[in-house]
Amino acid sequence: MLKSDSPVSALYGNFSRDPTDVDTQLPPPYDVARIVTKETLRAIQEWERQYGNHYTQLDLGYKYLKHAKKVDFGRLTAETDAESRRQQLERDRRQRRLTRQMEAVKSEMTGQHMCGYVQH
């Protein structure tokens with residue numbers, strides 16, 4: 001156990017708390033902490049899906065987080081689905097904008113070509 005006044009404790013915090021406490025906040029910046037938390041839960045869920053049948057400790061750890069610590073993996077899935085839909089909408093919007101720009105450039109080039117063309 002580290003002393004509370006040690007340099008390591010000052011840098012990394014007090015290790016006497018429960019490391020599985022889901023209410024423990026990660027250090028700032030908060031947007032990065034949120035991403036790290038979400039990606040960690042996503043990795044745990046994916047590992048459990050792929051390897052849980054073969055690795056009892058992984059399966060037990062997943063069940064412990066889900067039932068004892070009340071980690072909502074379903075919410076994570078819903079957030080992931082919503083994020084995927086948002087990204088697809090953004091890609092579609094970007095594609096439509098690029099198509100409009102290309103059409104505008106194409107019609108401008110055609111218009112300039114036609115104006116510069118002299119019939120004999």
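Worth saying up front: this structure is predicted, and the values here are computed from it rather than measured.

1. Here we look at the overall build of the chain
Looking only at helices and strands, the chain features four helices and zero strands. Reading the secondary structure of the chain in the N-to-C direction produces α-α-α-α. Out of the 120 residues belonging to the chain, those deemed buried represent 13%. Put simply, 43% of the contacts in the chain that link residues at least 6 apart link residues at least 24 apart. Just so you have it, the chain exposes about 10400 Å², and 57% of that area is on carbon and sulfur atoms.

2. Let's talk about helix H3 (residues 56-68)
Here H3 spans 17 Å end to end across 13 residues, near enough to the 18 Å set by a 1.5 Å rise per residue. Residues of H3 that are buried: Asp-59, Tyr-62 and Leu-65. Looking straight down H3, one finds that the buried residues subtend no more than 130° of arc, so they occupy a single side. In this structure, H3 carries Thr-56, Gln-57, Leu-60 and His-67 as exposed residues pointing more than 90 degrees from its buried face.

3. Quick word on a nonpolar patch on the surface
The grouping of Trp-47, Tyr-51 and Tyr-55 at the surface amounts to a nonpolar patch, some 370 Å² of accessible area in total. Here Trp-47 lies in helix H2 (residues 30-51). Taking relative accessible area as the criterion, Trp-47 reaches 47% and is therefore assigned partly exposed.

4. With respect to the confidence of the model for the chain
Taken over all residues, the pLDDT of the chain has a mean of 77, while the share at 70 or more is 66%. H3 holds the highest mean pLDDT among the elements of the chain, 90, whereas helix H1 (residues 7-12) holds the lowest, 51.

5. Remarks on the pattern of salt bridges
The full count for this structure, using the stated rule, is five salt bridges. A salt bridge links Glu-39 to Arg-42; its shortest N-O distance comes to 2.6 Å. On the criterion of helical spacing, the pair formed by Glu-39 and Arg-42 is a turn pair, its members being three residues apart in helix H2. We note a salt bridge from Arg-49 to Glu-46, for which the minimum N-O separation is 2.4 Å. Separated by three residues within a single helix, Arg-49 and Glu-46 lie in helix H2, roughly one turn from each other. Given the relative accessible area of 56%, Arg-49 is considered exposed. Judged by its relative accessible area of 31%, Glu-46 falls in the partly exposed class.

Reading guide: rules and limits
Residues numbered from 1 in each chain as written. Predicted model: local features only at pLDDT ≥ 70, side-chain atom pairs only at ≥ 80, totals over all residues. Heavy atoms only, no water. Helix = DSSP H or I, 4+ residues; strand = E, 2+ residues; numbered from the N terminus. Buried < 20%, exposed > 50% of the residue type's maximum accessible area, 1.4 Å probe, protein only. Contact = heavy atoms within 4.5 Å. Areas by Shrake-Rupley, 256 points an atom, 1.4 Å probe, with all protein chains shown as cover. Expected span 1.5 Å × (residues − 1). Arc of directions from axis to C-beta. Patch = residues over 30% accessible without salt bridge, like charges linked within 9 Å, V, L, I, M, F, W, Y side chains within 5 Å. Salt bridge = Lys/Arg side-chain N within 4 Å of Asp/Glu carboxyl O. pLDDT = per-residue confidence, 0-100.

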